[in-house]
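Chain and residue survey
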Amino acid sequence: QKEVEQDPGPLSVPEGAIVSLNCTYSNSAFQYFMWYRQYSRKGPELLMYTYSSGNKEDGRFTAQVDKSSKYISLFIRDSQPSDSATYLCAMSATGGYNKLIFGAGTRLAVHP
Amino acid sequence: DSGVTQTPKHLITATGQRVTLRCSPRSGDLSVYWYQQSLDQGLQFLIQYYNGEERAKGNILERFSAQQFPDLHSELNLSSLELGDSALYFCASSVDGQGAFAFFGQGTRLTVV
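Residues numbered from 1 in each chain as written. Chains lettered and ligands numbered in written order. Predicted model: local features only at pLDDT ≥ 70, side-chain atom pairs only at ≥ 80, totals over all residues. Heavy atoms only, no water.

Side note on the overall build of chain B
The cut-off we apply is this: Labels follow the DSSP assignment, with helices taken as runs of H or I lasting at least four residues and strands as runs of E lasting at least two, numbered in each case from the N terminus. In this description the radius of gyration comes from C-alpha coordinates, and the expected globular size is given by 2.2 Å times residues to the power 0.38. The classification of residues rests on relative accessible area computed with a 1.4 Å probe and restricted to protein chains. Under 20% of the type maximum is buried, over 50% is exposed, and intermediate values are partly exposed. Contacts are residue-level and defined by heavy atoms, with any inter-residue pair within 4.5 Å sufficient. Neither His nor the chain ends contribute to the count of charged residues, in which Lys and Arg are positive and Asp and Glu negative. For the purpose of locating charges, the reference atoms are NZ of Lys, CZ of Arg, CG of Asp and CD of Glu.
On a plain count of helices and strands, chain B comes out with zero helices and 11 strands. For chain B, the sequential pattern of α-helices and β-strands runs β-β-β-β-β-β-β-β-β-β-β. Against the compact-globule benchmark of 13 Å for 113 residues, chain B has a radius of gyration of 13 Å, which places it among compact chains. Dimensions of chain B along its principal axes, counting C-alpha atoms only, are 35 × 30 × 25 Å. By the burial criterion, 50% of the 113 residues in chain B qualify as buried. For chain B, the share of sequence-separated contacts (at least 6 apart) that also reach a separation of at least 24 residues comes to 55%. Charge separation in chain B, taken as the distance between the mean sites of 8 positive and 11 negative side-chain charges, equals 3 Å.

Overview of the sheet that holds strand S6 (residues 54-58) of chain A
All names here are of chain A. As a reminder of what qualifies: Two strands qualify as a pair provided that DSSP identifies no fewer than 2 bridges between them. To obtain an axis, a line is fitted to C-alpha atoms, over the contacting stretch when the element is a helix, and the angle between two such axes runs from 0 to 180 degrees between their N-to-C directions.
Taken together, the five strands give an open sheet; going across it, the order is S1-S3-S8-S7-S6, and neighbouring strands pair in antiparallel fashion. Edge strands, defined here as strands with exactly one partner in the open sheet, are strand S1 (4-6) and S6. Averaged over all pairs of adjacent strands, the angle between their axes in this sheet comes to 15 degrees, without regard to strand direction. Across five bridges, S6 lies against strand S7 (residues 61-66) in antiparallel orientation.

A word on the nonpolar core
As a reminder of what qualifies: Put simply, a nonpolar core is a bunch of buried Ala, Val, Leu, Ile, Met, Phe, Trp, Tyr and Cys residues held in one set by side-chain atoms that sit within 4.5 Å of each other.
Of all hydrophobic cores here, the largest spans 25 residues; its most connected members are Val4, Trp35, Ile72, Leu74, Tyr87 and Met91 of chain A. For this core, the secondary-structure elements that each account for two or more residues are strand S3 (19-25), strand S4 (30-38), strand S5 (45-51), S7, strand S8 (71-76), strand S9 (85-93) and strand S11 (106-111) of chain A. Setting aside chain neighbours within four positions, we find leucine 74 of chain A in contact with Val19, Ser20, Leu21, Trp35, Leu47, Met48, Phe61, Thr62, Ala63 and Tyr87 of chain A. By size, the runner-up hydrophobic cluster in this structure holds 20 residues, among which are Val19, Val32, Tyr49 and Tyr89 of chain B.

As for the state of the cysteines
One covalent bond between the sulfur atoms of two cysteine residues makes up a disulfide. Basically, it comes down to this: When two cysteine sulfur atoms lie within 2.5 Å, the pair is treated as a disulfide.
Summed over the entire model, instances satisfying the criterion amount to two disulfides over all chains. Paired by a disulfide, cysteine 23 of chain A and cysteine 89 of chain A hold their sulfur atoms 2.0 Å apart. Measuring handedness by torsion sign, the sulfur bridge of cysteine 23 of chain A and cysteine 89 of chain A sits at about -105 degrees and is left-handed. Of this pair, cysteine 23 of chain A sits in strand S3 while cysteine 89 of chain A sits in strand S9, placing them 66 residues apart in sequence. Per residue, the accessibility class of cysteine 23 of chain A equals that of cysteine 89 of chain A, and both read buried. At a sulfur-sulfur separation of 1.8 Å, the disulfide partner of cysteine 23 of chain B is cysteine 91 of chain B. Taking the torsion about the sulfur-sulfur bond, which here is approximately -50 degrees, the covalent link between cysteine 23 of chain B and cysteine 91 of chain B counts as left-handed. Here cysteine 23 of chain B, found in strand S3 (residues 19-24), pairs with cysteine 91 of chain B, found in strand S9 (residues 87-94); they are 68 residues apart in sequence, far enough to count as distant. With relative accessibility at 0%, the residue cysteine 23 of chain B sits in the buried group.

Notes on the side chain of glutamine 68 of chain B
All names here are of chain B. Selection criterion: Pairs of N or O atoms are called polar contacts if they sit within 3.5 Å, as long as, within protein, a hydrogen donor faces a hydrogen acceptor (for residues adjacent in sequence, only side-chain-to-side-chain pairs).
Relative to the helices and strands, glutamine 68 is located in strand S7 (residues 64-68). At a separation of 3.3 Å, a polar atom in the side chain of glutamine 68 contacts the main-chain carbonyl oxygen of leucine 30. Leaving out residues up to four positions away in the same chain, glutamine 68 has contacts with Leu30, Val32, Tyr49, Tyr50, Asn51, Gly52, Glu53, His73 and Ser74.

By themselves, these observations are geometric and do not establish any function.
Below you can see the structure in the form of structure tokens.
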């Protein structure tokens, strides 16, 4: 079983839709939860991060972490064609030296 | 621009050869991570360095090695290259060694022919 599971999609939505992207994980030591956006084989770009549980909002993006269920989500409101990309969830533990573990990435296409 | 610089951007080489990929971290970042991303694959962690010392290792092949220099730049050496080593290689850096808030470079696209 992978430490981080993410549905690879693809996910296709019309412009203006609310998009929900999700990941599950198995390692209870994870405390940092990140979402990266990657455009067509470019470097991943850090979008959102959350420490431990809770919600975080930044413009059209909302990140949620439910540690009791080991489940994280990214919501995109009023989606735009420019949001078309692959979205990767990533997680790491705290203390010492920890690698960032990535999900497989979900490919999102927002069509006009 | 993330502030992480990777060179070269593209590399084409033959099987059996050896190449070196270079990464300059963001100013102030002490930790460097290397990842491999094959076609339609996720990001696979290779190795982490913190302030010149190796701190974590992933599924890195024995033909691959890395180091971080006193000026904190890092190099990933790939030897006895095989066709299956063709991939995007990303470097990321962060202030500490906890993996969070890592910023990625634009990658080196390696093609082995």
